[in-house]
Amino acid sequence: MERHLITSAIPYINGIKHLGNLVGSQLPADLYARYLRAKGHEVLFLCATDEHGTPAELAAAKAGKPVAEYCAEMHSVQAELARGFRLSFDHFGRSSSPQNHALTQHFAGKLADAGLIEEVSEKQVYSNTDKRFLPDRYIEGTCPNCGYDKARGDQCENCTKQLDPTDLIEPRSAVSGSTDLEVRETRHLYLRQSVLKDQLDAWIDSKSDWPVLTTSIAKKWLHDGNGLQDRGITRDLDWGIPVRKGKDAWPGMEGKVFYVWFDAPIEYIACASEWAEANGQDDASAQRWWRTDQGAEDVTYTQFMGKDNVPFHTLSFPATILGSGEPWKLVDQLKSFNYLNYDGGQFSTSQGRGIFMDQALELLPADYWRWWLLSHAPESSDSEFTWENFQVSVNKDLADVLGNFVSRITKFCRSKFGAEVPEGGTYGAEEEALIQSLRQRFKSYEEHLEAIEVRKSAQELRAIWASGNEYLQTVAPWTTIKSDPEKAAMQTRLGLNLALLFADLSAPFLPDASKTISAAFGNQENAWPEDVALSLETLAPGHKFDVPEVLFAKISDEQTEEWKAKFSGQ
RNA sequence: GGCGUUAUAGCUCAGUUGGUUAGAGCGAACGACUCAUAAUCGUUAGGUCGGUGGUUCAAGUCCACCUAACGCCA
């Protein structure tokens, strides 16, 4: 049995994610996890919320809540939405967990021991009113270039000129509006990634099977300009993981926390410990997935993420792991996605443009969204969501091809033979041809899923559904029954078995519909086929069934219009 | 300004290391069927593969330049 560790990029805590975020990591990761489980492999699928950093603090302040409380609430909101989309995490953790605190501090200690941490003194803007250092983007003022009065410390949005906070005329805090600012000297820890450059380079080179999108981004960061830059891993904030060297205090770093991008990926590991604890197991069962000296040598580790996260997963996080000198599992396969656009532009959290996870589930059940998103996943380039395309895909693929197939065969059988699988007849040429073709398609479906070719998997699955309709159309049991009832019984029996086979094969994409079909046949257990011909004999003559309710309702033109208007933004 | 990605039928996209008449789904037209969510099945039409030039016996597939969209960086 293979062992697969799967992680999805961890969503940031401040707010509800949109469908672009969902399709870029969590959803395809779920598809892969469900497939591997169905195949009988041992899978640990982890995700978490990324809770530290300034945006979380500010969002909490805006909500008028202590940041810890805010994060706890948003975590449960996101967890609920994940359940709503049927994301089958073995554990949905939190980067603010005690486990991640301890592990992040442990890594920092190990990196310091290895001589990979450097203390750097730098100047930063401090707000006396807010009693905090302000990141560049939280300082506003008048642009010296164009006079725009809401320019940010890193860039003027109006004329796009890059700025330093000290360039701004009449700088003020974006948090409070206070102008009582001063430049202070502060000391921070830097991770000396540059020392690890050759090691990282060689490691990336060894990944010849990675997508070009992934390796080209990594290579660019390694070789562009002065090469891989050292990175600050601490911040002057209250909310976060206190800077410690392992379990010991870190002189000079009192009151500082680790930078969110340092501790967030470490949560992938800590999350396994959270999972173990939540399931009443000791930590060895978590280490068994992560430490190659403690049982993880046979684990295949696959990460899913949007393209913006690639540098952190190919360079920063591996630098942390390699630099520690400890035998932690490194990623084996890294699947990255491009962006999903919304009706001609980008999804935008700040502008409320596009569809957010909570809104989507208010309109339609998870399977509708899962199908469209996965069958249109932005794998090779950015892709585009339009309501028209969504309507057509759902109506055609789900309602007409799959849903109607289940409906027509069960209703036909019920009216001609009663609500149980009919007996009699033997396979002929058409049946052999069907099985032959299904074997071929099934093989190719598995190969695409294995390779995490999401769109191609969806395409193949759709073709499998269509072959059911083709078969019925060709043998026409409604005609056969007039002259040869035995033969019609066989055709109908095969049709019913096809419906159940489709349920099993569709489960990774459409978990709910799959269950509905299985339940109609009184067969709760979803079984992945060993052999197509064999699984087409699952339902024996006499097996009772129910005609399932309508699996997928069609989306009307009126609904499409209404939703389009509702989600246009502004 | 630098770098990168993309540009293939009306729409959404496939096109392995360059090799016979460029593919799929949707949409369109026509036909078949009537069990079914007015569903299904079949046939046909449709593209000078963004532009120009080059390498080659042969280029959508490699190279150069140009154009457009998007993204990243300074």
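Please refer to the structure higher up on the page.
Per chain, the residues get numbers from 1 upward, laid out in the order the sequence is written. For this description, chains carry letters from A and ligands carry numbers from 1, given in the order in which they are written. Reporting of local features is limited, given that this is a predicted model, to residues whose pLDDT is at least 70; pairs of side-chain atoms are given and counted only at 80 or more, and all residues count toward the totals for whole chains, interfaces and linings. In computing side-chain properties, one takes all heavy atoms of the structure into account and sets aside hydrogens as well as water.

Help me out: how do you make sense of the overall build of chain A in this one?
What chain A contains, in helices and strands, is 19 helices and 19 strands. When a residue's accessible area, from a 1.4 Å probe over protein chains only, is under 20% of the maximum for its type it is buried; when over 50% it is exposed; and in between it is partly exposed. A buried classification covers 56% of the 570 residues belonging to chain A. Considering only contacts within chain A whose residues lie at least 6 apart along the sequence, 76% involve residues at least 24 apart. What sets the accessible areas is the Shrake-Rupley method with a 1.4 Å probe; for residues, cover comes only from the shown protein chains. Carbon and sulfur atoms provide 47% of the accessible area of chain A, an area that totals close to 23900 Å². Secondary structure elements follow DSSP: runs of H or I no shorter than four residues count as helices, runs of E no shorter than two count as strands, and numbering proceeds from the N terminus. Contact between two residues is taken to exist if any of their heavy atoms lie within 4.5 Å; hydrogens are not considered.

I would appreciate a short explanation of the pairing of strand 9 (residues 181-191) in the present structure.
Residues in a regular strand project their side chains so that they alternate between the two faces of the sheet. Two strands pair if DSSP finds at least two bridges between them. Both strand 4 (residues 117-127) and strand 9 contribute to a ladder of 11 bridges, which runs antiparallel. Within strand 9, the residue paired with lysine 123 across the bridge is glutamate 185. Note: strand 9 against strand 10 (residues 231-232), two bridges, orientation antiparallel. From the neighbouring strand, tyrosine 190 faces strand 10, where its bridge partner is glycine 232.

Looking at this structure, how should I read the environment of aspartate 90?
For aspartate 90, the position within the fold is in the loop between helix 3 (67-84) and strand 3 (91-94). For aspartate 90 and alanine 33, which are 57 residues apart along the polypeptide, the C-alpha to C-alpha distance reads 9.8 Å. Ignoring any residue separated from it by four or fewer positions in sequence, one finds aspartate 90 in contact with Arg37, Val43, Leu44, Phe45 and Trp275.

What's the story with the protein's contact with RNA strand B in this structure? I'm lost.
Around RNA strand B sit 32 residues in total, of which Ser380, Asn404, Arg408, Lys411 and Phe552 are the nearest. Sugar plus phosphate, as a fraction of atoms of RNA strand B within 4 Å of the protein: 75%. Within the side chain of asparagine 404, a nitrogen or oxygen atom sits 2.3 Å from a sugar or linking oxygen of RNA strand B. We define a polar contact as two N or O atoms separated by no more than 3.5 Å, with the added condition that, inside protein, one atom must be a possible hydrogen donor and the other a possible acceptor, whereas residues neighbouring each other in sequence contribute only through side-chain atom pairs. Between serine 407 and RNA strand B, the recorded distance is 3.3 Å, taken from a side-chain N or O atom to a sugar or linking oxygen. Listing elements by their share of the surface near RNA strand B, those giving two or more residues are strand 19 (383-385), helix 12 (387-417) and helix 14 (454-475). A total of 11 residues in the surface near RNA strand B trace back to one element, the largest contributor, which is helix 12. Its residues placed into classes, the surface near RNA strand B shows eight nonpolar, 12 polar and 12 charged. Any residue with a non-hydrogen atom lying within 4 Å of a molecule or strand is treated as near it. By the convention adopted, Pro, Cys, Tyr, Trp, Phe, Met, Ile, Leu, Val and Ala count as nonpolar, Lys, Arg, Asp and Glu as charged, and the other residues, Gly among them, as polar.

For this particular structure, what's the right way to read the pattern of salt bridges?
Only one rule defines a salt bridge in this text: a Lys or Arg side-chain nitrogen within 4 Å of an Asp or Glu carboxyl oxygen. As enumerated under the stated definition, the model contains 29 salt bridges in all. The residue lysine 544 makes a salt bridge to glutamate 420 at a minimum N-O spacing of 3.0 Å. Of this pair, lysine 544 sits in the loop between helix 18 (532-535) and helix 19 (557-566) while glutamate 420 sits in the loop between helix 12 and helix 13 (429-450); the two residues are 124 residues apart in sequence, bridging distant segments of the chain. A single salt-bridge network, built from bridges that share partners, covers Arg3, Glu42, Arg288 and Asp298.

What exactly am I supposed to notice about the nonpolar core here?
Soluble globular proteins tend to bury their nonpolar side chains together. Grouped together as the largest cluster of nonpolar side chains are 94 residues, with contacts concentrated most on Ile355, Trp369, Trp387, Phe390 and Phe509. With 11 residues, helix 12 is the single largest residue contributor to this core. Residues within four places of tryptophan 387 in sequence aside, it is in contact with Tyr342, Asp343, Ile355, Leu363, Trp369, Thr560, Trp563, Lys564 and Phe567. Listed in part, the 55 residues of the second largest apolar core include Ala9, Met253, Trp275 and Val331. Nonpolar cores were defined as sets of buried Ala, Val, Leu, Ile, Met, Phe, Trp, Tyr and Cys residues, with membership established by side-chain atoms within 4.5 Å.

In this structure, what is going on with the state of the cysteines? I would like to understand it.
Should the sulfur atoms of two cysteines be covalently bonded, the bond is a disulfide. Criterion for a disulfide: a pair of cysteine sulfur atoms within 2.5 Å. By the definition in use, this model includes zero disulfides. Here cysteine 71 stays free of any disulfide, with the sulfur of cysteine 47 as its closest cysteine sulfur at 15 Å. For cysteine 71, a relative accessible area of 0% corresponds to the buried category.

So what exactly am I meant to see when it comes to the side chain of serine 375 here?
Mapping serine 375 onto the fold places it in helix 11 (residues 366-375). Take serine 375: its relative accessible area is 13%, and that puts it in the buried class. A distance of 2.7 Å separates a polar side-chain atom of serine 375 from the backbone oxygen of tryptophan 371. A distance of 3.1 Å separates the side chain of serine 375 from the side chain of histidine 376, its partner in a polar contact.

I would appreciate a short explanation of the sheet that holds strand 7 (residues 151-152) in the present structure.
Strand order in this open sheet of three strands is 7-6-8, and the pairing throughout is antiparallel. Only two strands of the sheet have a single neighbouring strand rather than two, namely strand 7 and strand 8 (169-173). In the sheet, strand 6 (residues 139-142) pairs with strand 7 via two bridges, with the strands oriented antiparallel. Residue pairing across strands places glycine 141 opposite alanine 151, the latter belonging to strand 7.

How should the sheet that holds strand 3 be read in this particular structure?
Within a sheet, neighbouring strands are paired by backbone hydrogen bonds and run either parallel or antiparallel to one another. The strand order 3-2-1-15-16 describes an open sheet built from five strands, whose pairing is parallel. Each having just a single partner strand, strand 3 and strand 16 (333-337) make up the two edges of the open sheet. Neighbouring strand axes in the sheet, compared pairwise and without regard to direction, differ in orientation by 20° on average. The sheet contact formed by strand 1 (residues 3-8) and strand 2 (residues 42-49) spans five bridges and is parallel. Within strand 2, the residue paired with threonine 7 across the bridge is leucine 46. Angles here are taken between N-to-C directions and fall from 0 to 180 degrees, while the axes themselves are lines fitted to C-alpha atoms, restricted in helices to the stretch in contact. Against the sheet, helix 9 (residues 310-324) engages strand 15 (299-306) and strand 16, with an angle of about 135° to strand 15.

Is there a simple way to explain unusual backbone geometry in this structure?
Both trends apply: most residues other than glycine have a negative phi, and most peptide bonds are in trans. Positive phi outside glycine occurs at arginine 86, with the angle close to 65°. Take arginine 86: it is sitting in the loop between helix 3 and strand 3. Backbone geometry at lysine 131 places phi at a positive 55°, although glycine is not the residue there. For lysine 131, the position within the fold is in the loop between strand 4 and strand 5 (132-133).

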